[in-house]
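Remarks on the overall topology
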Amino acid sequence: MTASTNSRRKVGFVGWPDEKAMTEYKDAELIDLDNAYPGVKPVEWDDLPNNVCHIVKRIVANAMYFDLEAVIVDDGPGKCDMARMATRMLAERIKAPVIFAPNSNNEG
């Protein structure tokens, strides 16, 4: 089941992706997939080990729930291995493209 309440395109994001990757979607409704949203059921994948943290499970559940045009992921060094693995698994399971855009900005 997906959630779609208006016609504005929705783009999910994880972490703080590179600004260049976000530019194409500047007019979209941005959905922070790390956050908890009402109505989103927990993920029930057999592929996702039980020891995966709740935040990573929430990211996957949200990406599966919302009708997204794209998911943009900061998969740089600030992300754990499980988050990188889960978003790559997600890329194989949803219709929307998953764009891996590590944020290399080191300016304040």
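Everything numeric in this text was worked out from a predicted model, so none of it was measured. Per-chain numbering applies: the sequence of each chain, read as written, is numbered from 1 onward. Reporting of local features is limited, given that this is a predicted model, to residues whose pLDDT is at least 70; pairs of side-chain atoms are given and counted only at 80 or more, and all residues count toward the totals for whole chains, interfaces and linings. The basis for every side-chain value is the complete set of heavy atoms in the structure, and neither hydrogens nor water enter the calculation.

Focus on the sheet that holds strand S3 (residues 70-73)
The criterion, for reference: Paired strands, in this sense, are two strands between which DSSP finds at least two bridges. The way it works is that DSSP assigns letters per residue, a run of H or I at least four long becomes a helix, a run of E at least two long becomes a strand, and they are numbered from the N terminus. Note on geometry: axes are lines fitted to C-alpha atoms, helical ones only across the stretch in contact, with angles between N-to-C directions running from 0 to 180 degrees. Contacts are residue-level and defined by heavy atoms, with any inter-residue pair within 4.5 Å sufficient.
Strand order in the open sheet formed by four strands is S2-S1-S3-S4, and the pairing between neighbours is parallel. Strands with a single pairing partner mark the edges of an open sheet, and in this sheet they are strand S2 (29-32) and strand S4 (98-100). Between one strand and the next, the sheet's axes are offset by a mean angle of 25 degrees, whatever the strand orientation. Two elements, S3 and S4, share three bridges in a ladder whose sense is parallel. Residue Val73 lies in a different strand from S4, and its bridge partner there is Phe100. In this fold helix H3 (residues 81-91) packs onto S3 and S4, with an angle of close to 145 degrees to the strand it touches most, S4.

Notes on the nonpolar core
In globular proteins that are soluble, nonpolar side chains generally tend to be buried together. Put simply, the rule reads: The set of buried Ala, Val, Leu, Ile, Met, Phe, Trp, Tyr and Cys residues whose side-chain atoms join them within 4.5 Å is what this entry labels a nonpolar core. Only protein chains enter the accessibility calculation, which uses a 1.4 Å probe; a residue is then buried when its area is under 20% of its type maximum, exposed when over 50%, and partly exposed in between.
Counting residues in each nonpolar core, the largest one holds 25 residues, and the members touching the most others are Leu33, Trp45, Leu48, Val60, Leu68 and Val71. Every element with two or more residues in this core is listed here: helix H2 (54-65), S3 and H3. A per-element tally of this core places H2 first, with six residues. Once you skip the residues sitting within four places of it in the chain, Val60 turns out to touch Val43, Trp45, Leu48, Ala86 and Leu90. Counting nine residues, the second largest nonpolar core, distinct from the first, contains Val11, Met22, Tyr25 and Ile72.

Quick look at H3
The cut-off we apply is this: This arc describes the spread of directions from the helix axis toward the C-beta atoms.
Restricting attention to buried positions, one finds in H3 the residues Ala83, Ala86, Thr87, Met89 and Leu90. The buried residues of H3 all sit within an arc of 155 degrees when viewed along its axis, so they share a single face. Along its buried surface, H3 packs onto H2, S3 and S4.

Things to note about the environment of Asp81
Mapped onto the fold, Asp81 is located in helix H3. Residues Asp81 and Asp67 lie 14 residues apart in sequence; the distance between their C-alpha atoms is 26 Å.

Considering the pairing of S3
The condition is simple: Seen with its strands pointing away from the viewer, a crossover is right-handed when the path leading from the first strand over the helix to the second is clockwise.
Burial along S3 is two-sided: the residues Ala70 and Ile72 and Val71 and Val73 are all buried. Of the strand pairs in this sheet, strand S1 (residues 10-14) and S3 are connected by four bridges, and their pairing is parallel. Residue pairing across strands places Phe13 opposite Ile72, the latter belonging to S3. A crossover links S3 with its parallel partner S4, the connecting element being H3, and its sense is right-handed.

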